[in-house]
Amino acid sequence: SQQGEEDPQALSIQEGENATMNCSYKTSINNLQWYRQNSGRGLVHLILIRSNEREKHSGRLRVTLDTSKKSSSLLITASRAADTASYFCATDAWGQNFVFGPGTRLSVLP
Amino acid sequence: DTGVSQDPRHKITKRGQNVTFRCDPISEHNRLYWYRQTLGQGPEFLTYFQNEAQLEKSRLLSDRFSAERPKGSFSTLEIQRTEQGDSAMYLCASSRERRSSGNTIYFGEGSWLTVV
């Protein structure tokens with residue numbers, strides 16, 4: 001079964017609005033990573049947050065991690081049309097393979 | 001440009017034929033992963049190598065699938081006697097093992113397989 005599960009499955013917002021995606025996982029992890037995938041392309045790494053971190057920022061991205069709830073959130077502020085993509089969380093459980101969720105499909109409308 | 005390259009990018013084959021995909025990871029990365037992704041789904045783990053050793057294989061990797069990384073550099077994924085259900089994008093990724101800070105994995109652009 002999938003370790004990570006993103007929520008919602010799909011999200012449509014207007015340009016300039018913020019987008020929040022959530023990820024839940026089942027077992028203890030070393031770190032959690034978020035990736036973006038444009039249609040038909042490979043995945044691009046966005047941000048890594050370690051299990052001992054609670055929040056991390058990178059440009060317009062803000063990631064939180066709550067290990068007690070086994071959940072993470074990705075916030076994209078001031079969204080742009082170019083942010084339209086699928087977003088995946090992946091969990092790393094101490095050197096084992098990375099497990100991806102089914103993703104959130106984000107549509108940013110101009 | 002992530003530095004992981006995959007070839008071919010697209011392959012159309014007839015059912016029953018064999019296909020082989022190649023992946024060249026980022027040069028200093030000792031870990032190499034293969035994933036499969038179908039439309040609307042997340043990547044599903046197939047197998048990974050640390051150097052030339054294949055350390056883990058998913059149950060998705062039936063006996064028709066074989067992966068190699070003979071010299072710990074590039075890797076090949078071969079699918080024998082292809083079936084229509086094998087149609088998917090096959091993604092390769094690589095990482096450097098950094099246990100203290102975690103491994104960031106970098107993906108290639110994928111190889112699309114269509115079995116007709």
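Calculation notes
Residues numbered from 1 in each chain as written. Chains lettered and ligands numbered in written order. Predicted model: local features only at pLDDT ≥ 70, side-chain atom pairs only at ≥ 80, totals over all residues. Heavy atoms only, no water. Helix = DSSP H or I, 4+ residues; strand = E, 2+ residues; numbered from the N terminus. Rg over C-alpha atoms; globule rule 2.2 N^0.38 Å. Buried < 20%, exposed > 50% of the residue type's maximum accessible area, 1.4 Å probe, protein only. Pairing = 2+ DSSP bridges. Salt bridge = Lys/Arg side-chain N within 4 Å of Asp/Glu carboxyl O. Axes fitted to C-alpha atoms, helices over the stretch in contact; angles between N-to-C directions. Contact = heavy atoms within 4.5 Å. Buried area = accessible area lost by both parts, 1.4 Å probe. Polar contact = N/O pair within 3.5 Å; in protein donor to acceptor, adjacent residues only side chain to side chain. Nonpolar A, V, L, I, M, F, W, Y, C, P; charged D, E, K, R; others polar. Phe/Tyr/Trp six-rings, centres within 6.5 Å; stacked < 30°, edge-to-face > 60°. Lys NZ or Arg CZ within 6 Å of the ring centre and 35° of its normal.

Undergrad: A description of the overall build of chain A should follow, citing residues and the corresponding values.
TA: The helix and strand tally for chain A stands at zero helices and eleven strands. Sequence-ordered secondary structure for chain A, helices as α and strands as β, is β-β-β-β-β-β-β-β-β-β-β. Expected size for 110 residues packed as a compact globule is a radius of gyration near 13 Å; at 13 Å, chain A falls within 12% of this value. Per-residue burial for chain A yields a buried fraction of 47% across its 110 residues.

Undergrad: How would you explain the pairing of strand β6 (residues 53-57) of chain B if you had to name every residue and give the values?
TA: Residue and element names in this part refer to chain B. Summarising the sheet, strand β5 (residues 44-50) and β6 pair through four bridges and their orientation is antiparallel. By the bridge assignment, Phe49 is partnered in β6 with Gln54. Here β5 folds back onto β6 in antiparallel fashion, the turn holding two residues, of which Asn51 has a positive phi close to 55°.

Undergrad: Describe the pattern of salt bridges, with residues and values.
TA: By the definition in use, this model includes nine salt bridges over all chains. As a salt-bridge pair, Glu53 of chain A and Lys56 of chain A come within 3.9 Å of each other at their nearest N and O atoms. The exposure class assigned to Glu53 of chain A is buried, which follows from its relative accessible area of 18%. Two residues, Asp24 of chain B and Arg22 of chain B, come together in a salt bridge whose shortest N-O distance is 2.7 Å. Note on Arg22 of chain B: relative accessible area 34%, which makes it partly exposed. If you follow the salt bridges from partner to partner, you end up with Arg50, Glu53 and Lys56 of chain A in one network.

Undergrad: Describe the sheet that holds strand β1 (residues 5-7) of chain A, naming the residues involved and giving the relevant values.
TA: Residues and elements named next belong to chain A. What the five strands build is an open sheet, ordered β1-β3-β8-β7-β6; its pairing is antiparallel. Since the sheet does not close on itself, it has two edges, and those belong to β1 and β6 (55-58), each with one partner. Going from strand to strand, the sheet's axes swing by 20° on average, the running direction of each strand aside. As judged from the four bridges shared by β6 and strand β7 (residues 61-66), these two strands associate in the antiparallel manner. When the sheet's bridge partners are listed, His57 is paired in β7 with Arg62.

Undergrad: So what about unusual backbone geometry? Which residues, and what values?
TA: A cis geometry characterises the amide bond from Asp7 of chain A onward to Pro8 of chain A, with omega recorded as 0°. Mapped onto the elements, Pro8 of chain A comes out in the loop between β1 and β2 (10-14). Residue Pro8 of chain B is bonded to the preceding Asp7 of chain B through a cis peptide linkage, with omega at -5°. Note that Pro8 of chain B resides in the loop between β1 (5-7) and β2 (10-13). The residue Lys70 of chain A is not glycine, and still its phi comes out positive at about 50°.

Undergrad: Residues and numbers for the interface of chain B and chain A, please.
TA: Each partner contributes residues to the interface: chain B has 25 residues there, and chain A has 23 residues. Of the roughly 1900 Å² buried at the junction of chain B and chain A (both faces included), carbon and sulfur atoms supply 48%. When the buried area of chain B at its contact with chain A is split by residue, Pro43, Phe107 and Glu109 of chain B rank highest and sum to 21% of it. At the boundary of chain B with chain A, the tally comes to one salt bridge. Of the charged contacts in the structure, one is a salt bridge between Glu109 of chain B and Arg41 of chain A, with a shortest N-O distance of 2.9 Å. Remark: the boundary between chain B and chain A carries five residue pairs in polar contact (both at pLDDT 80 or more). Contributions of two or more residues to the side of chain B that touches chain A are made by β4 (31-37), β5 and β9 (88-95) of chain B. With four residues, β4 of chain B is the single largest residue contributor to the side of chain B that touches chain A. In terms of residue class, the side of chain B that touches chain A is built from ten nonpolar, ten polar and five charged.

Undergrad: Give a description of the packing of aromatic side chains that names residues and reports values.
TA: Residue and element names in this part refer to chain B. Across all of its chains, the model carries twelve aromatic pairs over all chains by this definition. Each ring, one from Phe65 and one from Tyr90, has its centre 6.5 Å from the other, and the planes form 40°; the classification is tilted. Remark: Tyr90 occurs in strand β9 and Phe65 occurs in strand β7 (residues 65-68); sequence separation between them is 25 residues. There is no split in this pair, since Phe65 and Tyr90 are both buried. Cation over ring: Arg22 sits above Phe74, and NZ or CZ is 3.9 Å from the ring centre.

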